[in-house]
Amino acid sequence: MELIIQPKPFIRGTIHVPGDKSISHRAVIFGSLAQGITEIQGFLLAEDCTRTIACFREMGIDINIEDKKVIIQGKGLEGLQEPGDVLDAGNSGTTARLLLGILAGNPFYSVITGDSSLRNRPMGRVVEPLARMGARFLGRKGTGLLPLTIMGGKLKAIDYHSPVASAQVKSCVLLAGLYAGGVTSVTEPAMSRDHTERMLQHFEIPFNKQGLRVEIQGEHGFTARSIKVPGDFSSAAFFITAAALMPGSDVTLLNVGVNPSRTGLLEVLAEMGANITLLNERVENMEPAADIRVQGAELKGVTIGGSLIPRLIDEIPVLTVAAVLAQGKTEIRDALELRVKESDRISAMTGELGKMGAVIEALPDGMIIHGPQKLKGSGCMSHGDHRVAMALAVAGLSAQGNTHISDSQCVNISFPGFVDILNLL
Ligand code: S3P
């Protein structure tokens, strides 16, 4: 599918974005491992999260979708069956890595794979701790890549110091920790998103968090809880950024998750001069949510790095667009993880914005951008990466002439309805 973006002078309106992807995955996982019926409202019915549903169905869990609600008949920690077929995580790193933690703790044989992008993303970061806990793996590149074969079973607790600030690694080890005898801990180098910890709290599963260390007591069953999923901040980010950088814009996004481990973009845009207000702040199933009002302004460049990066890692593609259009220099450092996302996002964004006339210096772990630069509409590629496609759409709004984004159906991975909302504004 080719997406054609026509420039707009500004955007205005009130919108809803679909449910949070990270919370939706975790809702299915915890609902499946709980004892009893979990009802999920606001679930993200998009490709990534329906992969997680399909994998649990394959392991014998009844999951029904009725009237946009997801209803799970959880069978408890020991309730999964050996899958009859290969589990397919599609494009979803969260599905693959979190599931690996659960498969490691179950006494059966399983195989998990994904699409061509996911089969090239690093799995050693989760295989290594899980192997130390006692699970056995076979796979490509010395078990570094999918497809992976797992022989799970009785696990032993470990104290794991992760070399990367990754919520997927942290969550994987904590989920395996549910199956281990004793206390399993994970310490990360910087704080990554904490949806798993909040979900543990919601399901009243005992755990402890001190600074960058989380520990969990294993072999502790839990009962079902209903879950309301707020709108996805990372989806909202495309419209937040688009409105922030186009003077005259005024957009309100209703019911968006504003978990502080996700909202680094708001701080950066504020530093760049954006006009953003949070309204109706509230907390639902341990997750903060709010309505976000954004009014357009002239933006200026900014320097970012360090512990802020995990708090806006998924927003860097669209932040790059803001940096190109902002006055002055923007420098993004410490974002090596961008190289191993759904695409190499440093190379994809510098290359595609380059086709639109922007000059961006790619660093091994970031980018340097001197703005403001004029963008011209041209033919671009999504690289099969949903966030690259949507970031280029935001760039197209401020370009001269139409922008054509090929292979853009990947937006459905996280944001079905993106184009309809764009047309509505
Ligand atoms: C996610 C964690 C992040 C993020 C991804 C979703 C999650 O990845 O980029 O889109 O749901 O745990 P890492 O934890 O690998 O940084």
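Caption draft 1: Local environment of the packing of helix α1 (residues 21-33) against helix α2 (residues 47-58). At a closest axis distance of 9 Å, the pairing of α1 and α2 adopts a crossing angle of 10 degrees. Classed by the angle they form, the pair α1 and α2 counts as roughly parallel. Residues Lys21, Ser24, His25, Val28, Ile29, Ser32 and Leu33 of α1 touch α2, and the partners they reach there are Asp48, Cys49, Thr52, Ile53 and Phe56.

Caption draft 2: Looking closely at the pairing of strand β4 (residues 62-66). Relative to strand β5 (residues 69-75), β4 runs antiparallel, the two being bridged by 5 bridges. Note on β5: the bridge partner recorded for Asp62 is Gln73. Adjacent in sequence and paired antiparallel, β4 and β5 are bridged by 2 residues, among which Asp67 carries a positive phi angle near 55 degrees.

Caption draft 3: Looking closely at the site of the ligand. As a matter of local geometry, the ligand sits amid Lys21, Ser22, Arg26, Thr94, Ser166, Ala167, Gln168, Arg193, Ile313, Asp314 and Lys341. About the coverage of the ligand: the protein hides 95% of its 380 Å² of free accessible area. Assessed atom by atom at 2 Å from the grid points, the ligand resides in the largest pocket. Looking at the shell around the ligand, the elements that each hand over two or more residues are α1 and α6 (167-177). When residues in the shell around the ligand are grouped by element, the largest group, 3 residues, is from α1. Grouping the constituent residues of the shell around the ligand by class yields 2 nonpolar, 4 polar and 5 charged.

Conventions we followed
Residues numbered from 1 in each chain as written. Predicted model: local features only at pLDDT ≥ 70, side-chain atom pairs only at ≥ 80, totals over all residues. Heavy atoms only, no water. Axes fitted to C-alpha atoms, helices over the stretch in contact; angles between N-to-C directions. Helix = DSSP H or I, 4+ residues; strand = E, 2+ residues; numbered from the N terminus. Parallel < 35°, antiparallel > 145°, perpendicular 65-115°, else oblique. Contact = heavy atoms within 4.5 Å. Pairing = 2+ DSSP bridges. Near = heavy atom within 4 Å. Areas by Shrake-Rupley, 256 points an atom, 1.4 Å probe, with all protein chains shown as cover. 1 Å grid on protein atoms, 1.4 Å probe; cavity = no way out; pocket = protein on both sides within 12 Å on 5 of 7 lines; lining within 4 Å. Sits in = over half its atoms within 2 Å of the grid points. Nonpolar A, V, L, I, M, F, W, Y, C, P; charged D, E, K, R; others polar.

Without other data, these values stay purely geometric and don't point to any function.
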